[in-house]
Amino acid sequence: MCCSVAFARSLGLALLPLALCCILANLLLLFPMGAITYIQQDRLASYIWYFGGLGGGGLMMLVPAVVFITLGKCSCCWNESLMMCGSVLAAVVGLVGSSYCFVISGFALVQGPQCFTSYGWSYPFADQKGRYLLQPETWSRCLQPLHIVEWNVTLLCVLLGLAVLEFIICLLQLGSGLVNAVCRPCCYKQEYSLNA
């Protein structure tokens, strides 16, 4: 059991920086190239307002991170099983959060940024179903904000990668927690019957 608690704590410590990076990446999406004028004029892509990185990959991910890190050691076998059940529930919250972050970032990436083109403010890549990602020569269609396509693509790809890592970490703890929550009481009953 000590190994599983130490494993959970190490996973929680790994989740913390990932969650903070998701929050930072999402905040940077709100301020293209560091400018605040576009958020004031409501010129950001619609999916950015779903806060996939801030809510899903960030704040929701703090729940499993804190739970995993604070797992305590109990002398009673059933308390240990309940503790692992708690970590399983926290892992499920993490899986939901990372999935939300991944889906929203994916939709935002496919839609492309809202930018000023020669035809005015629009989503010039929305009808391309993400093909613009393989055609960087078309990115110059966005005149303002400067380099908005590169800015969005970079940050959204970072969010996608972080969401995948968070999902894997929570999935590992889900498996570990389920095994320990289910098998520990059985082992305890076997030990008790052998001692009797």
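An unreviewed UniProt entry lists the protein chain under the name Transmembrane 4 L six family member 18, with Seriola lalandi dorsalis given as the organism. Under the UniProt heading Subcellular location (unreviewed entry), the entry covering the protein chain gives this text: "Membrane". Recorded in UniProt for the protein chain, the comment headed Sequence similarities (unreviewed entry) runs: "Belongs to the L6 tetraspanin family."

Draft legend 1. Structural context of unusual backbone geometry. In the segment running from Gln144 into Pro145, the intervening peptide bond is cis, with an omega of -15°. With respect to the helices and strands, Pro145 occurs in the loop between β2 (120-122) and α5 (148-195). You will see that Met33, though not glycine, has its phi angle at about 55°, which is positive. Mapped onto the elements, Met33 comes out in the loop between α1 (2-29) and α2 (37-40). A residue is classified by how much of its surface remains accessible, and Met33, at 44% relative accessible area, is partly exposed.

Draft legend 2. Structural context of the side chain of Gln111. With respect to the secondary-structure elements, Gln111 resides in helix α4 (residues 77-111). Among the polar contacts made by the side chain of Gln111, one reaches the side chain of Ser46 at a distance of 3.2 Å. Non-local contacts of Gln111, meaning those with residues more than four positions away in its chain, are made with Ala45, Ser46, Tyr47, Tyr123, Phe125 and Ala126.

Draft legend 3. Geometry of the packing of aromatic side chains. Taken as a whole and judged by the stated rule, the model has six aromatic pairs. Measuring from centroid to centroid gives 5.6 Å for Tyr47 and Phe107, while their planes differ by 15°, and the two rings are stacked. Placement of Tyr47 in the loop between α2 and α3 (52-69) and of Phe107 in helix α4 is noted, with a sequence separation of 60 residues between them. Taken together, the aromatic side chains of Tyr38, Phe116 and Trp121 make up a single cluster linked through ring pairs.

Draft legend 4. Spatial organisation of the UniProt feature "transmembrane region" (unreviewed entry) in the protein chain. Under the local residue numbering, the UniProt record ascribes the feature "transmembrane region" (unreviewed entry) to residues 12-35, 47-71, 83-110 and 153-174. Span residues 12-35 is 75% helix and 0% strand, its end C-alpha atoms 34 Å apart. Secondary structure within residues 83-110 divides into 100% helix and 0% strand; the distance between the first and last C-alpha atoms comes to 41 Å.

Draft legend 5. Main features of the nonpolar core. Counting residues in each nonpolar core, the largest one holds 44 residues, and the members touching the most others are Leu15, Phe68, Tyr132, Val149 and Leu159. The leading source of residues in this core is α5, at twelve residues. Excluding residues within four positions of it along the chain, Tyr132 makes contact with Leu109, Val110, Gly112, Pro113, Phe125, Thr138, Trp139, Val149 and Val153.

Draft legend 6. Broad picture of the environment of Leu62. Locating Leu62 in the fold gives a position in helix α3. By relative accessible area, which is 26% here, Leu62 ends up partly exposed. Contact partners of Leu62, with chain neighbours within four places excluded, come to Leu16 and Ala19.

Draft legend 7. Structural detail: a nonpolar patch on the surface. On the surface, a cluster of nonpolar side chains totalling about 590 Å² of accessible area is made up of Phe7, Phe102, Val103, Phe107, Val164, Ile168 and Leu172. Counting residues per element, the ones that place at least two in the nonpolar patch are α4 and α5. In this structure, Phe7 sits in helix α1.

Draft legend 8. View of the state of the cysteines. Scanning all chains against the criterion turns up one disulfide. Each sulfur in the disulfide pair Cys115 and Cys142 lies 2.0 Å from the other. The chirality of the disulfide connecting Cys115 with Cys142 is left-handed, given an S-S dihedral of about -60°. Separated by 27 residues along the polypeptide, Cys115 in strand β1 (residues 115-117) and Cys142 in the loop between β2 and α5 bring together distant segments of the chain. Across the pair, exposure class does not vary: Cys115 and Cys142 are buried alike. The thiol sulfur of Cys21 is not disulfide-bonded, and the nearest other cysteine sulfur, from Cys22, lies at 7.4 Å. Just so you know, Cys22 is unpaired, no disulfide at all, and the nearest cysteine sulfur is the one on Cys101, 4.4 Å from it. Classification of Cys22 by relative accessible area gives buried; the value is 0%.

Thresholds, definitions, all that
All residue numbers refer to position in the chain's written sequence, counted from 1. Under the rules for a predicted model, residues below a pLDDT of 70 receive no local features and side-chain atom pairs below 80 are neither given nor counted, while totals for whole chains, interfaces and linings still include all residues. No hydrogens and no water enter the side-chain calculation; it runs on all heavy atoms of the structure. UniProt positions are given in the numbering used here, feature names are shortened, and annotations may be inferred rather than shown by experiment. Labels follow the DSSP assignment, with helices taken as runs of H or I lasting at least four residues and strands as runs of E lasting at least two, numbered in each case from the N terminus. Each residue is assigned to one of three classes by its accessible area relative to the maximum for its type, calculated with a 1.4 Å probe on protein chains only: buried under 20%, partly exposed between the two thresholds, exposed over 50%. Distance and chemistry together define a polar contact, namely a pair of N or O atoms within 3.5 Å, with one atom able to donate a hydrogen and the other to accept it when in protein, and with adjacent residues in sequence counting only for side-chain atoms on both sides. Between two residues, a contact is recorded if the distance between any of their heavy atoms is within 4.5 Å. Paired rings are identified among Phe, Tyr and Trp, the last through its six-membered ring, by centres lying within 6.5 Å, and are further divided according to the angle between planes into stacked (under 30 degrees), edge-to-face (over 60) and tilted (the rest). We define a nonpolar core as any set of buried Ala, Val, Leu, Ile, Met, Phe, Trp, Tyr and Cys residues linked to one another through side-chain atoms lying within 4.5 Å. Like-charged residues are merged into a patch within 9 Å and nonpolar side chains (Val, Leu, Ile, Met, Phe, Trp, Tyr) within 5 Å, provided each residue has over 30% relative accessible area and no salt bridge. With residues, only the protein chains shown are counted as cover, and all accessible areas are computed by Shrake-Rupley using a 1.4 Å probe. Salt-bridge detection follows one rule: a side-chain nitrogen of Lys or Arg within 4 Å of a carboxyl oxygen of Asp or Glu. Here, the term disulfide refers to a pair of cysteine sulfur atoms separated by no more than 2.5 Å.

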